[in-house]
Amino acid sequence: MSEQRRTALKQLQKLDLRIEAARERVRAFDPKFEEVELPALELESEAEKTRARLQEMKLEERRLTLSVEEKRARQERLDERLGSVRNLREEAAVSAELEMVKRALQADEQELLAIADHIRRAEERLAELTEAAEEARAQVEPALAGLRAEREEARDDLEALQAEREAFVATMDESEIRLYDGIRRGGRTVAVAEMTEDGACGHCFGIIPLQAQNEIRHGTALIRCEACGVILTAPEPEDAAAEPAEGGGQAVGGAGEEPAHAEGGEEPAEEPEADAGGEAEPDAASTG
Ligand SMILES: [Zn+2]
């Protein structure tokens, strides 16, 4: 049973590595989208800036148009007054004001012409940019659609793996899952490692104390590496199978979990073979 649990932990770790790789594949699409879309994005951004500038210039044009209208009306009123002045002094004053209004009107009119010209050019530029942006957008769209489909596939893969993990974890021992997840939450990808044949941690290669080595081999308890903290599992099952004595020892190990046994070096007294031999004798005698 403990042997099975250790296999499950190793399988879970393999699954988690696949999940991490699948997640990375999904993430890798972000820069690809940017790269493919860039030509269209740049043109769209420039068109947007031109549109904003055009908007400002049109407001300025409106302001100047109103100013010109107002000055023309003033000029008209002054022209009328000039026809009905009563003396030379009044005529001089009205003429001076008229001259001033005319000069200001001229300046406004010139500015209005200039801004109308700027507006015309900006409108042409905007039309060009809009067309180019639409063209670029149409050009990148198929590649974007392809990327979207690929990313969708990668997301499906990831979801399938996550569902697989969920189902798998449901069959596992809860305390082991908690320990395993706790180790991984620290940002580590390796939470389980095999002990090497010569008794070192398969992750950091730190030497494992003999007592812990035995517990790992027998699967009696969940042992973590004192140096790096990973959960340690027994070496490849072939090794365990190669030593038949190990199999018998494991059965006894279940009963020997009491601390009394761990402390006492009374192993010879507990040898089951002595008892078995004693029982076998009378049987043999009765038959013979
Ligand atoms: Zn270690």
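As the structure is a prediction and not an experimental result, all values here were calculated from the model.

The zinc ion binds to the protein through Cys-201 (SG), Cys-204 (SG), Cys-225 (SG) and Cys-228 (SG), with metal-donor distances spanning 2.2 to 2.3 Å. Between the four donor atoms coordinating the zinc ion, the angles at the centre fall across 103 to 112°, so the site counts as tetrahedral. Here the donor residues of the zinc ion are spaced in sequence according to C-x2-C-x20-C-x2-C. Placement of Cys-201 in the loop between β1 (192–194) and α5 (210–218) and of Cys-225 in the loop between β2 (223–224) and β3 (231–233) is noted, with a sequence separation of 24 residues between them. Here Cys-201 falls in the buried class, since its relative accessible area comes to 0%. You can call Cys-225 buried: its relative accessible area is 6%.

Before going further, it helps to examine the sheet that holds β1. Spatially, β1-β3-β2 is the arrangement adopted by the three strands of the open sheet, whose pairing is mixed. One side of each edge strand has no neighbouring strand; the edge strands of this open sheet are β1 and β2. Pairing between β2 and β3: two bridges, direction antiparallel. Looking at the pairing, Ile-223 lines up with Leu-232 of β3. Across the sheet, helix α4 (residues 174–185) is in contact with β1, β2 and β3; its angle to β3 comes to roughly 120°.

Thresholds applied
Residues numbered from 1 in each chain as written. Predicted model: local features only at pLDDT ≥ 70, side-chain atom pairs only at ≥ 80, totals over all residues. Heavy atoms only, no water. Donors = N, O, S within 2.8 Å, 3.2 Å for Na, K, Ca; no water. Tetrahedral: all angles 85-135°; square planar, octahedral: opposite > 155°, others 65-115°. Helix = DSSP H or I, 4+ residues; strand = E, 2+ residues; numbered from the N terminus. Buried < 20%, exposed > 50% of the residue type's maximum accessible area, 1.4 Å probe, protein only. Pairing = 2+ DSSP bridges. Contact = heavy atoms within 4.5 Å. Axes fitted to C-alpha atoms, helices over the stretch in contact; angles between N-to-C directions.

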